Each structure stands twice: as C-alpha cells, then as structure tokens.
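# Commentary on secondary and tertiary structure
Next come the chains, spelled out residue by residue.
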Amino acid sequence: MSSCLVQAGFQVLGDADSGVPGLRVTEVSAGALVSWTASDGFTALARDQAGRAASHDSMRVIVQAAVAGLLIQRGHTVTETPDGGGLVVFAEAALPRGGKGS
C-alpha cells in the first residue's frame, strides 16, 4: 500500500519519523492508518490565510481525498477515521462488510 503512494509521488514517512511533517503510514489492528502532518511553515501560512481557501483544514481534506482516491482506485478498502484526521486502509482479513471504499 505504501508503494502505491510512493509511485504516485507522495513522500511517505514511517513510525520512526514522528514529529516530521508529511504523509505518514502506521500499522494499526485493522490494517494501516494514513495521516498527514503539516509543517510549521505551512501551518503559519494557513493561519495567515485564515478565511481563504488555503486553510490548513481544507488542505488536509484535499490531501486526504487524493490519497483515498488513489488507494481505492488501486483496489484498497479505505475509510475515514472517526475524528476525520486520517484514513484507515483495511487489511484483507479485516475488511468491513459492505464492499470497498467509503
């Protein structure tokens, strides 16, 4: 799954890269959690642009939609985390009932 993201041009970070901004893939019981951490510079820019389309939250939504779309296209089952802060990519053994995608 991480290789799909790398092939699409995303820089993927692992567990050891905590605190480093970027797209992170970590193992969870259901499969993998994909989350995005903005850099301090990006967060400051988004704060300066408050009320405009370049806000941190809208950028997170854009990144999340791009990642989800790519992974679903590649045959993975993906759902958003309950807090909206990331995506869960289900392992084949942990697939929820009802099919692929969210």
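Below you will find a few notes about this structure. The model shown is predicted, which means the values in this text are computed figures rather than measured ones.

### Digging into the overall build of the protein chain
Within the protein chain one finds 3 helices and 5 strands. Going residue by residue from the N terminus, the α and β elements of the protein chain occur as α-β-β-β-α-α-β-β. Buried residues in the protein chain amount to 31% of all 102 residues. For the protein chain, the exposed area adds up to about 6100 Å²; of that, 54% sits on carbon and sulfur atoms.

### Remarks on the side chain of Thr81
With respect to the helices and strands, the residue Thr81 is situated in the loop between strand E4 (78-80) and strand E5 (86-90). Judged by its relative accessible area of 12%, Thr81 is buried. Only 2.6 Å separates the side chain of Thr81 from the side chain of Asp83, close enough to count as a polar contact. Within the structure, Thr81 has its side chain in polar contact with the backbone nitrogen of Gly85 (distance 3.2 Å). Contact partners of Thr81, with chain neighbours within four places excluded, come to Leu33, Gly86, Leu87 and Val88.

Rules of the game
Residues numbered from 1 in each chain as written. Predicted model: local features only at pLDDT ≥ 70, side-chain atom pairs only at ≥ 80, totals over all residues. Heavy atoms only, no water. Helix = DSSP H or I, 4+ residues; strand = E, 2+ residues; numbered from the N terminus. Buried < 20%, exposed > 50% of the residue type's maximum accessible area, 1.4 Å probe, protein only. Areas by Shrake-Rupley, 256 points an atom, 1.4 Å probe, with all protein chains shown as cover. Polar contact = N/O pair within 3.5 Å; in protein donor to acceptor, adjacent residues only side chain to side chain. Contact = heavy atoms within 4.5 Å.

Purely geometric stuff here, so don't read any function into it on its own.
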